[in-house]
Amino acid sequence: MSKIFEPFSIADLELPNRIVRSATVENRSTEKGEPTVAMGEMYGALASGGAGLIITGGCYVQRHGRSLRYLTGVHSDKMIGPLSRLVDKVHEAGGLIAIQLYHAGRQTRPEVIGEDPVAPSPVKDTMTWVTPRAISQREIEETIESFGEAAERAAKAGFDAIELLAGHGYLINQFLSRRTNQRSDEWGGSLENRARFLLKTISSIRSGGGGKLPLLVKINSEDHLPRGFTLEESCRVCEWLEEARVDAIEVTGGTFESALDIARGQIPKKKILKQLHGAQKVMARIVLPLMRRRFAFKEAYFLENALAIKRHVPNTPMILAGGNRNPKHMDEILSGGDIDLLSLSRPFIREPNLVKRWQSGDRRPATCISCNQCFVAIATDKPVRCFIENPCSEANDRSNMNTSPI
Ligand SMILES: Cc1cc2nc3c(=O)[nH]c(=O)nc-3n(C[C@H](O)[C@H](O)[C@H](O)COP(=O)(O)O)c2cc1C
Ligand code: SF4
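The shown structure was predicted, so the numbers you read here are calculated from the model rather than taken from an experiment.

Each value, and the rule that gives it
Residues numbered from 1 in each chain as written. Chains lettered and ligands numbered in written order. Predicted model: local features only at pLDDT ≥ 70, side-chain atom pairs only at ≥ 80, totals over all residues. Helix = DSSP H or I, 4+ residues; strand = E, 2+ residues; numbered from the N terminus. Rg over C-alpha atoms; globule rule 2.2 N^0.38 Å. Buried ≥ 20, exposed ≤ 12 C-beta atoms within 10 Å, placed from the backbone. Contact = placed C-beta atoms within 7 Å. Axes fitted to C-alpha atoms, helices over the stretch in contact; angles between N-to-C directions. Parallel < 35°, antiparallel > 145°, perpendicular 65-115°, else oblique. Left-handed = near helix turned anticlockwise from the far one by under 90°. Nonpolar A, V, L, I, M, F, W, Y, C, P; charged D, E, K, R; others polar. Near = placed C-beta within 6 Å. Core = buried A, V, L, I, M, F, W, Y, C linked by C-beta atoms within 7 Å.

Colleague: Is there a simple way to think about the overall build of the chain in this case?
Modeller: Assigned secondary structure in the chain consists of 16 helices and 13 strands. Against the compact-globule benchmark of 22 Å for 406 residues, the chain has a radius of gyration of 19 Å, which places it among compact chains. Each of the three principal axes of the chain carries a C-alpha extent, and together these read 55 × 50 × 45 Å. For the chain, the proportion of its 406 residues judged to be buried stands at 52%. Across the chain, every contact between residues at least 6 apart in sequence was considered, and the portion connecting residues at least 24 apart equals 73%.

Structure (structure tokens):
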């Protein structure tokens, strides 16, 4: 049997195969953060499609921690009911579902959250053009508590696991990185101090009702930015994650400022430029061709970094994100023995039934061509979908779907 179809356990959660749907923004919730009927349909289809574990798109733990208007919230007890109905859709179709918890920090815009974004330090984001305000000591403690409360709600809603997003330039990553964390208090400076927010957040999740669920952490192997979080630092932080007994580590990389490192592939330059203004546009014209060269697509593009990290965390299951496309190559990676699970995002946008297709004997690679039209479109609040056969228009796709709360 192909390795990709072998079962695997994360703590006491038994996955039927080694293929994970990595967290993917849906843009299918209401402005209040409730998942919609359309979102339930999307997750039902993913579960029927055979993924071993489905991880939701990032769900915000505080109202001002959302990065886009139509993301899902887990910031209030009112969300427990709608989230439990989303979980039911997946369970009814025979799937397993983890919730991804996150806080955007500075990677959002004031018009989305109605106030100035916070970050460890007031360092301007060259992608969003936002200069955040420095988060206070009291707010740091409240935010850590919010993660714990959100995890407890996730447990009440019936999720099978929790994933904490510590990468992709969001708040936890902002604490880890010297580029965005220039604090001189106990939350900044040394790597120990910069990792304090992540480790305290894990303790907060573990000490409440969410502590009974398996806990996964998605972390950057590196930011690929000047003064950003490095591979060496990531190896050390992952050692601390192993000491904290997290149940799996998902390896990724990149932030909004190096966004085409996160989802490598083609760069829809015209579509990106359309979303930008003035000086941002000028800068993007210079930066995009450089990114294209630096972050060219190859299969399993974080594999080398993940193997480097694995040497530091021999006892923690490893999930590899980024560019997994060909079941033959995926099988070879798993046969190496260091990587336990492979996560895919864009291929499932295009083919929610991908695993079933491979299981039926059609082992052609995923048909996603990594053109990144879906990745760029989420910033315009469009519900995520594949744009190949049905190109992106100015029309608001939300009018075509049932956006009543689930
Ligand atoms: C449309 C889109 C939305 C995404 N949303 C999230 C997210 O909410 N949380 C997250 O950790 N990663 C997110 N990602 C990153 C993916 O999980 C994944 O790490 C990346 O796309 C590389 O995997 P792939 O080559 O299989 O697409 C998103 C990617 C895309 C394309
Ligand atoms: S638009 Fe379709 S083909 Fe292009 S990256 Fe997204 S899912 Fe893949």
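Colleague: I'm lost on the packing of helix H1 (residues 37-48) against helix H2 (residues 80-92) in this one. Help?
Modeller: A pair of packed helices can be characterised by two numbers: the angle between their axes and the separation between those axes. Where H1 meets H2, the axes come as close as 8 Å, and the angle between the chain directions of the two elements is 30 degrees. In this view, H1 runs roughly parallel relative to H2, as classed from their interaxial angle. Judged by the sense of rotation from one axis to the other, the crossing of H1 with H2 is right-handed. Of the residues in H2, those touching H1 at Met39, Gly40, Tyr43, Gly44 and Ala47 are Arg85, Leu86, Lys89 and Val90. Residues of the contact of H1 with H2, tallied by class, amount to 5 nonpolar, 2 polar and 2 charged.

Colleague: It is not clear to me how the site of ligand 2 should be interpreted in this structure. Could you clarify?
Modeller: Neighbouring residues of ligand 2: 13 residues in total, closest Arg350, Cys368, Cys371, Cys374 and Cys386. Sorting the residues of the shell around ligand 2 by element identifies helix H14 (346-350) and helix H16 (373-377) as the ones contributing at least two each. With 3 residues, the single largest contributor to the shell around ligand 2 is H14. Of the residues in the shell around ligand 2, the class split is 8 nonpolar, 3 polar and 2 charged.

Colleague: What should I look at first to understand the site of ligand 1 in this one?
Modeller: Close to ligand 1 lie 25 residues, the nearest being Ser22, Ala23, Gly58, Ser345 and Arg346. In terms of residue class, the shell around ligand 1 is made up of 12 nonpolar, 11 polar and 2 charged.

Colleague: Explanation requested: the nonpolar core in the structure shown.
Modeller: Soluble globular proteins tend to bury their nonpolar side chains together. By size, the foremost hydrophobic cluster in this structure holds 114 residues, and its most contacted members are Ile54, Leu101, Phe159, Ile162, Ile249, Val251 and Leu320. The element best represented in this core is helix H4 (residues 137-157), accounting for 7 residues. Residue contacts for Val251: discarding those within four places in its chain leaves Ile219, Ser221, Phe302, Asn305, Ala306, Ile309, Met318, Ile319, Leu320 and Ala321.

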